[in-house]
Amino acid sequence: MKLLILDFDGTIADTKSSIVNTIQATGKELGYGIAREKDIQEKIGLPLKDTFSSVLKVPDSEMDHAIDLYRRKYQDICMESVTLFPDVKSTIEYLSQKGIVITVASSKGKDALHLLLDHLQVSPFISRIYGEQDVKNKKPAPDMAQLILEQEKCEPEEALVVGDTVFDLQMGRGAGCHTCGVTYGNNSYEELKAQNPTFIINNFGELKSIF
């Protein structure tokens, strides 16, 4: 394998509290109440539209306003609470030096991804960043992984998709890639195992032994 496709939320960075707090603050300001943390966590990894529709019941007519408000609030909240998971930076640097092409595939917007990856000091090791605006059909659809394979001129069997949710694994499998679930994120070992990933790891540093 020569290409690594990484999810962001729950895989590279611990963003759960920042996402939960921002969705709850957005819902409160818009008058939709405060969604339960458990309900929000189950939707992390999906596009914001799906999350707002499901946990806050935001109608389509107000969706753009809700998402814009969320993004403005998130930029302030995320800088105070988002951190890298253990061994992420050292592992990404090691794999980059080894010649592995490292990309990020997220349901986040690209502006937020660039901001956070710069803040977390891992941008120099990331070849390309792919966000929600890059594809029409988002996770768990395979479109983003397929786009990355095309742009990196890589065959599916040469790529590994790594993520903490079933949506990441479904995207990777749908594109014909190898997949790897991480157990420290937003889905449990049992949920990940049910997707029959190629690998399951408990620490990001275990990727060194896969490559």
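To start, this report covers the structure provided alongside it.

The rules behind these values
- Residues numbered from 1 in each chain as written.
- Predicted model: local features only at pLDDT ≥ 70, side-chain atom pairs only at ≥ 80, totals over all residues.
- Heavy atoms only, no water.
- Salt bridge = Lys/Arg side-chain N within 4 Å of Asp/Glu carboxyl O.
- Helix = DSSP H or I, 4+ residues; strand = E, 2+ residues; numbered from the N terminus.
- Buried < 20%, exposed > 50% of the residue type's maximum accessible area, 1.4 Å probe, protein only.
- Pairing = 2+ DSSP bridges.
- Axes fitted to C-alpha atoms, helices over the stretch in contact; angles between N-to-C directions.
- Contact = heavy atoms within 4.5 Å.

**Some words on the pattern of salt bridges**
Okay, step 1: Under the definition given, this model contains 11 salt bridges.
Okay, step 2: Among the salt bridges present, the one from Asp134 reaches Lys110, with a minimum N-O distance of 3.5 Å. Pair noted here: Asp134 is in the loop between strand E5 (128-130) and helix H7 (143-152) and Lys110 is in helix H6 (residues 110-119), with a separation of 24 residues, a long-range link.
Okay, step 3: Look at Lys110 and you get partly exposed, because its relative accessible area is 24%.
Okay, step 4: Among the ionic pairs, Lys139 bridges to Asp168, the shortest N-O distance being 2.7 Å. Placement of the pair is Lys139 in the loop between E5 and H7 and Asp168 in helix H8 (residues 166-174), with a sequence separation of 29 residues.
Okay, step 5: Judged by its relative accessible area of 4%, Lys139 falls in the buried class.
Okay, step 6: Look at Asp168 and you get buried, because its relative accessible area is 1%.

**With respect to the sheet that holds strand E4 (residues 101-105)**
Okay, step 1: Spatially, six strands are ordered E5-E4-E1-E6-E7-E8 in an open sheet, and the strand pairing comes out parallel. The open sheet has two free edges, formed respectively by E5 and strand E8 (199-201), since each of these has just one partner strand. With strand direction ignored, the average angle separating the axes of adjacent strands in the sheet is 20°.
Okay, step 2: Of the pairings in the sheet, the one linking strand E1 (residues 3-6) to strand E6 (residues 159-163) comprises four bridges and is parallel in character. Among the inter-strand pairings, Leu4 is bridged to a residue of E6, identified as Leu160.
Okay, step 3: Of the strands in this sheet, E4 and E5 touch H6, which is tilted by about 135° from E5.

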